[in-house]
Each structure stands twice: as structure tokens, then as C-alpha cells.
Amino acid sequence: MNNIRPHTLLLAEPRGFCAGVVRAIEVINYLLENEEPPIYSFHEIVHNKFIVDSFKKRGIIFVDSIDEVPEHSRIVFSAHGISPTVMQEAEEKSLKIIDATCPLVTKVHLETKKAAKDGFDILLVGHRGHDEVEGTLGEAPSKTTVIDSVDEVNEITINSEKVFVVTQTTLSVNDTNEIIDSISEKFPKAEIRNDICYATTNRQSAVQELAKKADIILVVGSPNSSNSVRLMEHAKSSGAVAYRIEGIDEIKEVWYKNVGTVGLTAGASVPDELLEPIINDLIARGVTKIDTISVAQETIEFKPPNNLPIPKRILTQ
Ligand code: SF4
């Protein structure tokens, strides 16, 4: 009983890159190959250390403030989006802007802006301080309240009946449903948009299925990647022992003790090449059976921003 070793690997499908991340990475690759440096990225282009480090090595300069960018420079806005104030600052410096904001994040900005114009008070369900939430909040800061938990719903003091609810795209589906239920109870006439994106939803459904069969689940993703952290939490709340890791170096030998079946998944900003060494290591440890647990096939693609003529190709980081 104490000599069980990993014999089966279950891969979640879908896992890893979503369409918004593919688009943002393609933009940076295109600029590196076709434009003269310097090229700036406002915030991490996607929340993955491996990708950001590789782009830094290739010359991309990451900044957290437009003040750091010289006039007339080329700048890319990350997949998480930016607030109108950042856009204005960039325009005032005549920056050459390429906006790689995921179209699904842009949709939330447009909903928020319209709701504010139509006289609604806006509740933005999301994690305070996350790049995406800061960007959306900036569309109507005086009309928007960020709500991070059910407890915070109890503290809302809005008197109006015109309440509009939007969400961050990468939240826990279950936690968000609880928060939205609580908002609906307090504001029965609230107009609600649940903006959790297809990629987040699918990855959480897949990890839930993994949790039924795997003894442990490894979730590859950076600690600042909201959807990766939510995947790990989702695996745990589905009853699995789960660990979030940047890559193979963070795996501890003891995790595999008395484990027969290992589940593996990855957040939406994680390249396949971070999973390959983990899979090869498990094969070397004796895994002979590799199965895929599939809940959805994703075929969504987004057009490049600024009409950039990016050819269809296999991604390189
Ligand atoms: Fe877009 Fe969803 Fe991917 Fe974020 S996780 S970049 S919202 S598709």
C-alpha cells in the first residue's frame, strides 16, 4: 500500500493558452520581428513569468507607468486592458499604441461605460488591484464599486434601484454565482452581466472532472495569474489535493508519495512547453497510461489589433 507510484496521468482539456493570450503573444512576436526597438509593454503582457522573462530577454521593456515611456515610443497594452486615463496619458505622449486587450475584456469595458452613461450604479465583481479590474474600474470610477466577496455585498450602501453588475473575466464560477445571488437578493432589479469568459469556465469545468479521478492535481500557472489560482482553488473545492506551480522545479517529491493518478492542467496564460517536462518526468517515474479528460473543444480565435498583418502560425515564445 505504501509503494504506490504514479501510473496514470490525466490531462485536462482544455488547458493552457486561450484565444486572448494567443493574440497578445502574437502581437509581441510580430513587433519583435517587424519593428525597431524599443518596444514597451504596459504591465505584463500576460500573467506568466516564463513568457514575460522570455520577452524581456528579447528586448521588450515592461513598465507599470506611462511616465517611464519616452514620447513617440511604441507601446503594447496587455491582454488585461487599461483604464481610459492610461490611454489618455499615452496619447498625450504621442505613443504608437497597439492595444492587445482581450476582446472579451473590452466587452466588459463597453458594458460598464454604457451603464454609467445610462445612469446606473455599477457593481464590479472582481479582485481589487488586479490589472483587469483597475482597467474596468477606470471607465466610470465615481459610479463603480468593486465587490470581492459576499461579505462586501452586505456593506453596499447604494440607494438607487438602477444597479448594473459586471464581473472580471477570470473569476471562480462558483464564488461569483454566490456573490451574484447575494447581489440579486439585495437589489432584485439589478441588471446582471456575468462576464466570466469561456476559457475560464471551460478550464474550471475540466479541473472539476479531473478532481473526480486524480489523487493529486498539478495546476501550472503563475501566482499573479487569476485564472490559474482559481483553477487550483476549484480543484481543491472539488475535493482534490491540488498544487499550483510555475513549472517542474516547484514539484516536491513527497507530493507523489502513494499517488497512483496525477491530474495536470494549466492556466490560460501557460505555454505547453512548461507542461512537457512534467509529463516526461512522470513517464520516467513509471506512468504508462496517459488519458485526456475533455469537457470542451475550443475553436475561438480573435483578429489581431490595429489590423496587424499577423500570419497564422504555430506560436513561439
Ligand atoms: Fe480573454 Fe478569457 Fe483569455 Fe482573459 S482568460 S485573455 S478574458 S479569453
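Bear in mind that the values here come from a model prediction, so they are computed numbers and not experimental data. (Residues numbered from 1 in each chain as written. Predicted model: local features only at pLDDT ≥ 70, side-chain atom pairs only at ≥ 80, totals over all residues. Heavy atoms only, no water.)

**Points about the sheet that holds strand β2 (residues 39–42)**
Put simply, the rule reads: Here a strand pair is declared whenever DSSP counts at least two bridges between the two strands. Strands here are runs of E lasting at least two residues and helices are runs of H or I lasting at least four, both read from the DSSP assignment and numbered beginning at the N terminus. Axis lines are fitted through C-alpha atoms, for helices just across the contact stretch, and the angle between N-to-C directions can take any value from 0 to 180 degrees.
Taken together, 4 strands build an open sheet; the order of strands is β3-β2-β4-β5 and the sheet is parallel. The open sheet has two edge strands with one neighbour each: β3 (60–63) and β5 (96–99). Neighbouring strand axes in the sheet, compared pairwise and without regard to direction, differ in orientation by 25 degrees on average. Bridging between β2 and strand β4 (residues 74–77) involves 4 bridges; their strand directions are parallel.

**Focus: the site of the ligand**
Cut-off, in case you're wondering: The nearness test applies per residue and asks whether one of its heavy atoms lies within 4 Å of the molecule or strand. Only Asp, Glu, Lys and Arg are considered charged in this grouping, and only Ala, Val, Leu, Ile, Met, Phe, Trp, Tyr, Cys and Pro are considered nonpolar; every other residue, Gly among them, is considered polar.
Taken together, Cys18, Gly20, Cys102, Leu104, Thr169, Thr170, Cys197 and Tyr198 are the residues near the ligand. Looking at the shell around the ligand residue by residue, the classes come out as 5 nonpolar, 3 polar and no charged.

**Structural notes on the packing of aromatic side chains**
The criterion, for reference: Any pair of Phe, Tyr and Trp rings, taking the six-membered ring for Trp, is counted once the centres come within 6.5 Å. Such a pair is stacked with planes under 30 degrees apart, edge-to-face with planes over 60 apart, and tilted for the rest. The buried label applies to any residue whose accessible area, calculated with a 1.4 Å probe on protein chains only, is under 20% of its type's maximum; exposed applies above 50%, and partly exposed to all values in between. For a ring to carry a charge above it, either NZ of a lysine or CZ of an arginine must fall within 6 Å of the ring centroid while also lying within 35 degrees of the normal to the ring plane.
Applying the stated criterion across every chain yields a total of 3 aromatic pairs. Taking the centre distance of 6.1 Å and the plane angle of 85 degrees together, the rings of Phe42 and Phe77 count as edge-to-face. A residue pair is termed long-range when its members are at least 10 positions apart, and Phe42 in strand β2 and Phe77 in strand β4 qualify at 35 residues. For the pair Phe42 and Phe77, one class covers both residues: buried. Its guanidinium or amino end placed over the ring of Phe120, Lys162 lies 4.5 Å from that ring's centre, counting from NZ or CZ.

**Some words on the domain arrangement of the protein**
Just so we agree on the cut-off: Just so you know, the domain bounds were taken from an automatic or database domain assignment. For this analysis, residues touch if any pair of their heavy atoms sits within 4.5 Å. What gets called buried area is simply the loss in accessible area from a 1.4 Å probe that two parts show on being joined, summed for both.
Entries for the protein in the domain assignment read domain 1 (8–17 + 198–294), domain 2 (19–102) and domain 3 (104–192). With centres defined by C-alpha atoms, the gap from domain 1 to domain 3 works out at 31 Å. Taken residue by residue, the interface counts 8 residues in domain 1 and 10 residues in domain 3. Across the domain 1 to domain 3 interface the summed buried area is about 700 Å²; carbon plus sulfur atoms make up 52%. For domain 1, the biggest contributors to the area lost against domain 3 are Thr200, Ser226 and Arg230; these three give 50% of the whole.

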